[in-house]
Amino acid sequence: MAHRRWPRMRPVLAAALAAALTAGMAVATGAYSGWPGWRSGADRASAAPDLVLYNGKISTVDSRNSTVEAIAIRGDEIVATGRNGRVRALAKKGTQSINLHGRRVLPGLIDGHLHGIRMGSYFCFSRSPRFDPIYARAQAIANVAQKASQTPAGKWLFQIGGGWNVAQFDEPGMLTKAELDGAAPNHPTYLQGTGFTGGQVNSLGLRVLALGPGSPGVVLDPNGQPTGQLTGAANTLAIRTIGQELFDLTFDEQEACTRDFIRELNRRGLTAWDDPGGNNPFSPTGIPDAILRDDHGYQAVNRLHRKGELDARIRFNFSCFGTIIGMPCVKESTTNAISEVGDDNLRIGGIGEEVLALQPDGTYPEAEYMDILRFLASNEWSFEHHATAGTTQHSMLDMWDEVNQEFPITDLRWRMLHPGDGPAEPNDETLAHLKELGAGIIPTDTLAKGGTGHPPFRRIYESGTEACLGTDALNVSPYPPFVNLWYTVSGKTYVPGQEGVVPEQRLTRLEALRMATERCDWFMSLDGRVGTLEVGKLADLIVLNRDYFRVPEDDIRSLTSLLTVVDGEIVFADGEYTRLDD
């Protein structure tokens, strides 16, 4: 199917009529839901679906947890669900019909907190051999080799950050210099990972950096030869050298990096995310300056959107990192932008996730923070801010509450990001406070790679507060959404034997799925339009390689999509559906 990605405006009356017509209709397993007029041949001839998927196990994630056999899509919208015969009968010549062969279908997954836009610039995904979803050492080595085969010789391959743990492989440990030499002999290569100090380079990386025995920060083996591990000054040199190379990426190269990343997200089942801005870890000042302004950041994703080729929905924010923070950054970021402006595919959210640095006591400087909050609230800007520790959560909410008395924020979609202070926080009072303020919360799987302070998912889920699962990827967390679901359901981490989420705070598979779909529409500013597979909703869905509800628990993290649909268009196809991938 050709791309038709410019958003289509649906009249409010039509949307209301669709809701009214479907509200009272049973959508239990196998029942029919659709425009009643379509049941007549004449109407069907003039308004047939563009795409029909049938013979599947389609989880609508509606209020009844219905499973249906078939789904019909016209344009960007779902127009019918139900039994195979009833839905297939809507097709006419020109309708594309796809046999699902009994496969499980879910709504497209949504990430409430993903640093994705920066993967087109300083984090160029095309040249980053990510190990986040890899658990076999041989596969990790093959991934480096694959990236090398797609990258011009002499260019750096790199993985910055700890979205994986060296303990997660079947043969634990950082890849060795010899393994990297074998996989990428013609590319200087640099890797970071949780559980490993500094960075690891191959032989060519050492030569490019002019590092050897005796160079500060170069770790030596018992024979006095470099192991490839870099610390201190040597590690800083590597990071800044890579950063300078990436700074020179053209817009065409940035666009390619962004396409590659979104395609990988589509393969992993993701169709939408809220983007909290990004930072440049390669800054020569040593300060992670913001990258979503000036030279790098939005150009690539905006290009794709202009072309109608943005294969995911993105709501993005302006963040304040590094040298420009506080009110100066907030005013600069809001000068020529308006909160919540955009369309179904690309939208300005607000300010966040950073505006100020924390004080030693875990709170934000009250006077300046209050000035920022008043400015944002009085100008009706959305705002998101991270509050990991309980102390931060409590003090932050007290200030939000105070500002709300002067400038109401209950309709501005403010949200608390990645609480991570163990099962005690956020507590019931904090969650009730958020709900009262009309604010939301996004717990993340930052600690799926190992560590302490895992969120209380069940308390958050049951509180009734607006809540959506997030990853905080990239680069500190695993990016695959099914890793997040595995972590939330199993409580396990990437470190074998290390417990993460305590049993009483874990979610069932269905609950976790809801927190990555149905309960995330608010966070995308698409209330009632995404997150479930119901008539009148935007057509975002994934066809899985294995059944999410039936695979062994540890296999959840490795699930992928064989067919991903965004806005009614097939944006990714694999396996038996590869022929459908353009």
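The sections below set out a description of the structure shown in this document. (Residues numbered from 1 in each chain as written. Predicted model: local features only at pLDDT ≥ 70, side-chain atom pairs only at ≥ 80, totals over all residues. Heavy atoms only, no water.)

### Quick word on the packing of aromatic side chains
Point 1. Taken as a whole and judged by the stated rule, the model has 23 aromatic pairs.
Point 2. Geometrically, the ring pair formed by phenylalanine 125 and phenylalanine 261 is tilted, given 5.2 Å between the ring centres and 55° between the ring planes. Here phenylalanine 125 is found in the loop between β9 (109–111) and α4 (137–149), whereas its partner phenylalanine 261 is found in helix α8 (residues 251–267), with 136 residues between them in sequence.
Point 3. For phenylalanine 125, a relative accessible area of 6% corresponds to the buried category.
Point 4. Pairwise contacts between aromatic rings join Tyr364, Tyr369, Phe383, Trp400 and Trp414 into one cluster.
Point 5. Positioned over the ring face of tyrosine 54 is arginine 88, at 3.7 Å from the centre of the ring.
Point 6. Positioned over the ring face of phenylalanine 123 is arginine 118, at 4.7 Å from the centre of the ring. (Phe/Tyr/Trp six-rings, centres within 6.5 Å; stacked < 30°, edge-to-face > 60°. Helix = DSSP H or I, 4+ residues; strand = E, 2+ residues; numbered from the N terminus. Buried < 20%, exposed > 50% of the residue type's maximum accessible area, 1.4 Å probe, protein only. Lys NZ or Arg CZ within 6 Å of the ring centre and 35° of its normal.)

### Notes on a negative patch on the surface
Point 1. On the surface, Glu366, Asp398, Glu402 and Glu429 cluster together into a patch of negative charge.
Point 2. Looking at the secondary structure, you find glutamate 366 in helix α11 (residues 366–378). (Patch = residues over 30% accessible without salt bridge, like charges linked within 9 Å, V, L, I, M, F, W, Y side chains within 5 Å. Areas by Shrake-Rupley, 256 points an atom, 1.4 Å probe, with all protein chains shown as cover. Salt bridge = Lys/Arg side-chain N within 4 Å of Asp/Glu carboxyl O. Lys, Arg positive; Asp, Glu negative; His and termini not counted. Charge placed at Lys NZ, Arg CZ, Asp CG, Glu CD.)

### Things to note about the pattern of salt bridges
Point 1. Under the criterion given, the structure shown has 32 salt bridges.
Point 2. A salt bridge links arginine 315 to glutamate 340, with the nearest nitrogen and oxygen atoms 2.6 Å apart. With a gap of 25 residues between them, arginine 315 in strand β16 (residues 313–318) and glutamate 340 in the loop between α10 (326–334) and β17 (346–351) connect regions that are remote in the sequence.
Point 3. Overall, the relative accessible area of 0% leaves arginine 315 in the buried class.
Point 4. The exposure class assigned to glutamate 340 is partly exposed, which follows from its relative accessible area of 24%.
Point 5. Across the pair aspartate 554 and lysine 492 runs a salt bridge, and its minimum N-O distance is 3.0 Å. One end of the pair, aspartate 554, is in the loop between β22 (541–544) and β23 (561–566); the other, lysine 492, is in the loop between α15 (481–490) and α16 (509–514), with 62 residues separating them in the sequence.

### Observations regarding the sheet that holds β17
Point 1. Strands sit in the order β9-β15-β16-β17-β18-β19-β20-β21 across an open sheet of eight strands; the sheet is parallel. Of all the strands in the sheet, just β9 and β21 (466–467) have a single pairing partner and so form its edges.
Point 2. Across three bridges, the pairing between strand β18 (residues 382–386) and strand β19 (residues 415–417) is parallel. Looking across to β19, one finds that glutamate 384 is bridged to arginine 415. (Pairing = 2+ DSSP bridges.)

Taken by themselves, the reported measurements are silent on function.
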